[in-house]
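# Analysis of the macromolecular model
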Amino acid sequence: MRKFSVNTDKKLEPTDEQIKRQKDFSRLHHDYERLTKRGKKPIYRDPKLYLLFVIIGVILLLLFLEN
């Protein structure tokens, strides 16, 4: 079994650049929103996706009505 030791002699401090980057709350919030939120475009407003679903639906309808 391995034995691990914790290095307590080093102090981990953020650099001044990292601190300044996190102080800009509007930019930080914008980056967070961009990462977590997706576009809320409805399916009927996206013509390519709507057409794909229509084609899949027609193919499935034809397959089930063939019997």
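Within each chain, residue numbers correspond to sequence positions counted from 1 in written order. Where totals are concerned, whole chains, interfaces and linings use all residues; where local detail is concerned, this predicted model gives features only for residues with pLDDT of at least 70, and gives and counts side-chain atom pairs only at 80 or more. Side-chain metrics in this entry use all non-hydrogen atoms of the structure; hydrogen atoms and water are not considered.

Secondary structure counts use DSSP, requiring at least four H or I residues in a row for a helix and at least two E residues in a row for a strand, with both numbered from the N terminus. Of the regular secondary structure elements, the protein chain holds 3 helices and 0 strands. Starting at the N terminus, the α and β elements of the protein chain follow one another as α-α-α. C-alpha atoms define the radius of gyration in this analysis, and the globule rule sets the expected value at 2.2 Å times the number of residues to the power 0.38. Computed over its C-alpha atoms, the radius of gyration of the protein chain comes to 27 Å, more than 25% above the 11 Å expected for a compact globule of 67 residues. In terms of overall dimensions, the protein chain has C-alpha extents of about 75 × 45 × 10 Å along its principal axes. For the exposure calls, accessible area comes from a 1.4 Å probe over protein chains only, and a residue counts as buried if that area is under 20% of its type's maximum, exposed if over 50%, partly exposed in between. In the protein chain, which comprises 67 residues, the proportion classed as buried is 0%. Per-residue and other accessible areas were derived by the Shrake-Rupley procedure at a 1.4 Å probe size, with only the shown protein chains allowed to occlude residues. For the protein chain, the accessible area works out to roughly 7,600 Å², and carbon and sulfur atoms hold 60% of it. Computed over 15 positive and 9 negative side-chain charges, the separation of the two mean positions in the protein chain equals 2 Å. The charge count includes Lys and Arg as positive and Asp and Glu as negative, but it does not include His or the ends of the chains. A charged residue contributes its charge at one atom only: NZ of Lys, CZ of Arg, CG of Asp or CD of Glu.

Here Ile43 lies in the loop between α2 (25-36) and α3 (47-65). Along the sequence, Ile43 and Phe53 sit 10 residues apart, while their C-alpha atoms lie 9.6 Å from each other. Throughout, a residue-residue contact means that at least one pair of heavy atoms, one from each residue, lies within 4.5 Å. Every residue in contact with Ile43, bar those within four places of it in the chain, is listed here: Leu49, Tyr50 and Phe53.

Across the protein chain, the average pLDDT comes to 84, with 99% of residues at 70 or higher. Of all secondary-structure elements in the protein chain, the lowest mean pLDDT belongs to helix α1 (residues 16-23), at 83, while α3 reaches the highest, 93. One number per residue, pLDDT, summarises how confident the predictor is, and it ranges from 0 to 100.

Here a salt bridge means any side-chain nitrogen of Lys or Arg lying within 4 Å of a carboxyl oxygen belonging to Asp or Glu. One pass over the full model with this rule turns up 1 salt bridge. As a salt-bridge pair, Arg34 and Asp31 come within 3.8 Å of each other at their nearest N and O atoms. Here the residue Arg34 and the residue Asp31 both occupy positions in helix α2, the gap between them amounting to 3 residues, near one helical turn.

Turning next to the environment of Ser26. Its place among the elements puts Ser26 in helix α2. Sequence separation between Ser26 and Leu12 is 14 residues, and the spatial gap between their C-alpha atoms is 26 Å.

A word on the environment of Ile55. Looking at the secondary structure, you find Ile55 in helix α3. Here Ile55 falls in the partly exposed class, since its relative accessible area comes to 43%. Separated by 17 residues in the primary sequence, Ile55 and Arg38 have C-alpha atoms spaced 25 Å apart.

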